[in-house]
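# Summary of the model geometry
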Amino acid sequence: MARFLIVGNLKMNPLSREEVSQYLSVLQREMSGKKFEHAAGVLCPPALYLNEFSELPQGIAKGAQNVFWEKSGAYTGELSPVMLKNDGVEYVIVGHSERRQYGNEDDRIVREKAHAVLKALMVPIVCVGETGEERAQGETDRVLEHQVQAVFEGLSKLQAEKIILAYEPRWAIGTDTLPTTNEILQVKVLIRKLLAEMFDSQAAERVRVLYGGSVKSSFLGAVSWEAGMDGVLVGRESLFPYEIVKMLALFEEQALSLEA
Ligand code: PGA
């Protein structure tokens, strides 16, 4: 598995198949001749376009933005984890703050979904993070504790190690405001501590933690490797294939410099 992961969440974009095909051809062009060993990408388009994202350049995997927890049946409008798996999806974003906000997803639903994704042999990328109000009230740690424990409850150590967490402070999403490197680092320490308590320190080390919220290539260091993160979850900037490829290159460079 590559050292760093860059996950692009396209959210509710683009608006037509024509734009999708433009996006993908720019991506192919930007990636041509490039090979990254220590940095891997995941692109999560709207479900409608998953098929178009089947021929991604090497080193970039296909992800989904949401999933339902049941395998099949009378669930109008939902997508089964098995359907996603059969369609070549490898990663699924679960519990994104926009789903928590507009889809009323609570910690119980997020857990059900994350566990269903594991069961279908895909990797859940579970988003956690506090609101601006919770932060102002000094409740960040308590909120994160709750969200993290809820997701990992009932899992074996082996299953737990497969989950990827994305720390996304809700006040930082879509705003161009960022936490400090130190604040992100503190969250990383808290997550490690919680996982070590629930499982053991080895599992706590193995769970990968990404940072998300207003990520741009220009400050990757401050929100990622300097803060001990294993990569990033990118919203708006992932609409530019050039940025995604630039981030892959920067992470690769960083991984090589760590090795040297
Ligand atoms: P943003 O979104 O990069 O546009 O802030 C991040 C996210 O919602 O995952």
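Read on for an overview of the structure. None of the values given here were measured: they were computed from a predicted structure.

To continue, consider the environment of E226. With respect to the helices and strands, the residue E226 is situated in the loop between α10 (220-223) and β8 (231-234). Separated by 45 residues in sequence, E226 and T181 have C-alpha atoms that sit 6.8 Å apart.

So, about the packing of helix α1 (residues 17-31) against helix α11 (residues 241-259). The axes of two packed helices give the description: the angle between them and the distance between them. Between α1 and α11, whose axes approach to 9 Å, the crossing angle comes to 30°. By the angle between their directions, the pair α1 and α11 is classed as roughly parallel. Read as a crossing pair, α1 and α11 show a hand that is right-handed. On α11, the residues that touch Y23, V26, L27, E30 and M31 of α1 are P241, Y242, V245 and L248. By residue class, the composition of the contact of α1 with α11 is 8 nonpolar, no polar and 1 charged.

Counting residues in each nonpolar core, the largest one holds 66 residues, and the members touching the most others are I6, L43, F53, V92, F152, L165 and V232. When near neighbours in sequence (up to four residues on either side) are disregarded, F152 contacts A160, I163, L165, L195, M198, F199 and V207. If you look at the next biggest cluster of nonpolar residues, it comprises 16 residues, including V7, V123, L210 and L233.

Calculation criteria
Residues numbered from 1 in each chain as written. Predicted model: local features only at pLDDT ≥ 70, side-chain atom pairs only at ≥ 80, totals over all residues. Heavy atoms only, no water. Helix = DSSP H or I, 4+ residues; strand = E, 2+ residues; numbered from the N terminus. Axes fitted to C-alpha atoms, helices over the stretch in contact; angles between N-to-C directions. Parallel < 35°, antiparallel > 145°, perpendicular 65-115°, else oblique. Left-handed = near helix turned anticlockwise from the far one by under 90°. Contact = heavy atoms within 4.5 Å. Nonpolar A, V, L, I, M, F, W, Y, C, P; charged D, E, K, R; others polar. Core = buried A, V, L, I, M, F, W, Y, C linked by side-chain atoms within 4.5 Å. Buried < 20%, exposed > 50% of the residue type's maximum accessible area, 1.4 Å probe, protein only.

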